[in-house]
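Here's the letter readout for the chains.
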Amino acid sequence: MLLRCPACEATHPHDPMLYACPRCGAPLEVGYSEEEMRRATAFEGRGVWRYRPLLPVDRAVTLGEGDTGLHVCERLGRELGIPRLYVKNEGENPTGSFKDRGMTVGIALAAAVGARAVACASTGNTSASMSAYAARAGLKALVLVPADKVAAGKLSQALVHGAVIAEIEGSFDDAMRLVTELAVCERSVYLLNSLNPYRLEGQKTLAFELCETLGEPPEAVVLPVGNAGNISALWKGFREFHSLGRIGRLPRMIGVQAEGAAPIVRALRGHGDLEPVPRPETVATAIRIGAPVNWRKAIAAIRDSEGEAGTVTDREILDAQTLLARLEGLFVEPASAAPIAYLRRRRLEVPGPVVCVATGNGLKDPDAVLGVPVLRERIHPDLAAVRRLIGS
Ligand SMILES: Cc1ncc(COP(=O)(O)O)c(C=O)c1O
Ligand SMILES: [Zn+2]
């Protein structure tokens, strides 16, 4: 196992405390030797740890993550003009988001290197997941979140698991900068943002599961993009399965951002360099990020896969959230509805399987749905009043 820099192509020895390239500062990627790849033949068990031969650590700290539902969505597919539409419901993970796939691996590594505490900057879900897995491993947790911008459900998770919570008077990007500085000067604190390439190794298992459940690779994977760790991790997973000969082709990676927080979309439309968005804003607080640390990897994933990136408005996000809930019975948080909103706007013609990754559970952000249209009225406790309501 080694670390590779996707920016300057330098390689570095395996080191769980090395988050960024010492030569150029870019986030690193875990690499496996040919021998390690050759040995990755048998996958056993379920969930993330089924893929242990392609993970960087042996001993799991687990809450039963992965193995989430891949739901055929025929009614929604007809609405969007996609004949084979699936939603991968990552809200079925133990803490309600895809972050658990990475955290089970990241916390296992933190324990292995003897860290006393773990830390992250978060728009909510990373802090919820890290706090739960830290509790499981008996480690202290420190989370830095933008003040007043984290959904209530997510904050309550960090609270109940006993994390120390720093509410930063600034954006997620300020929190990210601070926690990175902290991890550099406090070596006993292990950093668990998606800057950490080992955490992303857990997240790539989502790609493996998709290929195994479908019996073929998807033709397109559509997912929300914030700090851009997940799109990078999935693309790495697909490439690894391809190089192992388990799939014969690669999917197109389609990244979706909110209009008020779309630095990756802008970079792709421009010269391919990141221009941070100074004051990102969107109802989808999970992806309210202006300076994604994994931007370079995400751009490579989109370009190399002949994919695309685009934006949706907050209104489109909330409408798509309701549409998915009402047509398919799946309640996802606003960020997770962005892919549906994008397919609705874009009307892509894709005959093969299209997978939307629903990254987080809708229960995490109940306030987001308070404005949805619904027949709801306060009535007297008598039958006539009930009948009047259903007749209206
Ligand atoms: C629900 C949800 N969707 C999408 C994302 C974006 O993932 P990434 O930061 O890996 O791009 C996040 C990140 O916090 C999230 O919580
Ligand atoms: Zn480098």
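Just so you know, these numbers come straight off a predicted model, no measurement behind them.

**Things to note about the overall build of the chain**
Part 1 of the argument: Counting its secondary structure elements, the chain contains 14 helices and 13 strands.
Part 2 of the argument: Here the C-alpha radius of gyration of the chain, 21 Å, is about what a compact globule of 392 residues would show, namely 21 Å.
Part 3 of the argument: Oriented by its inertia axes, the alpha-carbon framework of the chain measures out at about 75 × 45 × 45 Å.
Part 4 of the argument: The burial tally for the chain puts 52% of its 392 residues in the buried class.

**Comments concerning the sheet that holds strand β3 (residues 29-31)**
Part 1 of the argument: Read across the sheet, 3 strands follow the order β2-β1-β3 without closing on themselves; strand pairing throughout is antiparallel. Each edge of the open sheet is held by one strand with a lone partner, namely β2 (11-13) and β3. The average undirected angle you get between the axes of adjacent strands in this sheet is 35°.
Part 2 of the argument: In the sheet, strand β1 (residues 2-4) pairs with β2 via 3 bridges, with the strands oriented antiparallel. Residue pairing in the sheet places Leu3 in a bridge with His12 of β2.

**Considering the environment of Arg177**
Part 1 of the argument: Mapped onto the fold, Arg177 is located in helix α6 (residues 172-185).
Part 2 of the argument: Sequence separation between Arg177 and Ala121 is 56 residues, and the spatial gap between their C-alpha atoms is 8.5 Å.

**Things to note about the packing of helix α4 (residues 125-137) against helix α5 (residues 152-160)**
Part 1 of the argument: Interaxial distance between α4 and α5 falls to 8 Å at its minimum, and their mutual angle equals 25°. Between α4 and α5, the angle is such that the two are roughly parallel. In this structure, the crossing between α4 and α5 has a hand that is left-handed. The segment α4 lies against α5, with Asn125, Ser127, Ala128, Ser131 and Ala132 engaging Lys154, Gln157 and Ala158.
Part 2 of the argument: Its residues assigned to classes, the contact of α4 with α5 comprises 3 nonpolar, 4 polar and 1 charged.

**Describing helix α8 (residues 205-214)**
Part 1 of the argument: For α8, the set of buried residues is Thr205, Leu206, Ala207, Phe208, Glu209 and Leu210.
Part 2 of the argument: Where α8 is buried, its residues meet β4 (70-72), β5 (85-89), α3 (99-112), α7 (197-203), α9 (229-243) and β13 (354-358).
Part 3 of the argument: Two residues or fewer after α8 comes Gly215, characterised by a positive phi angle close to 80°.

**What to know about the environment of Asp174**
Part 1 of the argument: With respect to the helices and strands, Asp174 occurs in helix α6.
Part 2 of the argument: With 16 C-beta atoms packed within 10 Å, Asp174 lands in the partly exposed category.
Part 3 of the argument: Measuring from C-alpha to C-alpha, the distance between Asp174 and Thr95 comes to 25 Å, with 79 residues separating the pair along the chain.

**What to know about the site of ligand 1**
Part 1 of the argument: Gly226, Asn227, Ala286, Thr359 and Gly360 are the nearest of the 19 residues found near ligand 1.
Part 2 of the argument: Those elements that provide at least two residues to the shell around ligand 1 are α4, α9 and α13 (334-346).
Part 3 of the argument: When the residues that make up the shell around ligand 1 are grouped by side-chain class, the tally is 6 nonpolar, 12 polar and 1 charged.

**Side note on the UniProt feature "modified residue: N6-(pyridoxal phosphate)lysine" (unreviewed entry) in the chain**
Part 1 of the argument: With numbering aligned to this structure, UniProt lists the feature "modified residue: N6-(pyridoxal phosphate)lysine" (unreviewed entry) at Lys99.
Part 2 of the argument: You can see Lys99 is positioned in helix α3.
Part 3 of the argument: With 34 C-beta atoms counted inside 10 Å, the residue Lys99 sits in the buried group.
Part 4 of the argument: The residues contacting Lys99, other than those within four sequence positions of it, are Asn125, Thr126 and Ser129.

**Quick look at the domain arrangement of the chain**
Part 1 of the argument: Each domain of the chain was delimited in the assignment, giving domain 1 (70-97 + 199-369) and domain 2 (99-196).
Part 2 of the argument: Inter-centroid distance (C-alpha atoms) of domain 1 to domain 2 is 23 Å.
Part 3 of the argument: Each side of the interface is counted separately: domain 1 has 30 residues, and domain 2 has 29 residues.
Part 4 of the argument: Mapped onto the side of domain 1 that touches domain 2, the elements with two or more residues apiece are α7 and α8.
Part 5 of the argument: When its residues are assigned to classes, the side of domain 1 that touches domain 2 shows 11 nonpolar, 13 polar and 6 charged.

Analysis parameters
Residues numbered from 1 in each chain as written. Chains lettered and ligands numbered in written order. Predicted model: local features only at pLDDT ≥ 70, side-chain atom pairs only at ≥ 80, totals over all residues. Helix = DSSP H or I, 4+ residues; strand = E, 2+ residues; numbered from the N terminus. Rg over C-alpha atoms; globule rule 2.2 N^0.38 Å. Buried ≥ 20, exposed ≤ 12 C-beta atoms within 10 Å, placed from the backbone. Pairing = 2+ DSSP bridges. Axes fitted to C-alpha atoms, helices over the stretch in contact; angles between N-to-C directions. Parallel < 35°, antiparallel > 145°, perpendicular 65-115°, else oblique. Left-handed = near helix turned anticlockwise from the far one by under 90°. Contact = placed C-beta atoms within 7 Å. Nonpolar A, V, L, I, M, F, W, Y, C, P; charged D, E, K, R; others polar. Near = placed C-beta within 6 Å. UniProt positions renumbered as here; feature names shortened; annotations may be inferred. Domains from an automatic or database assignment.

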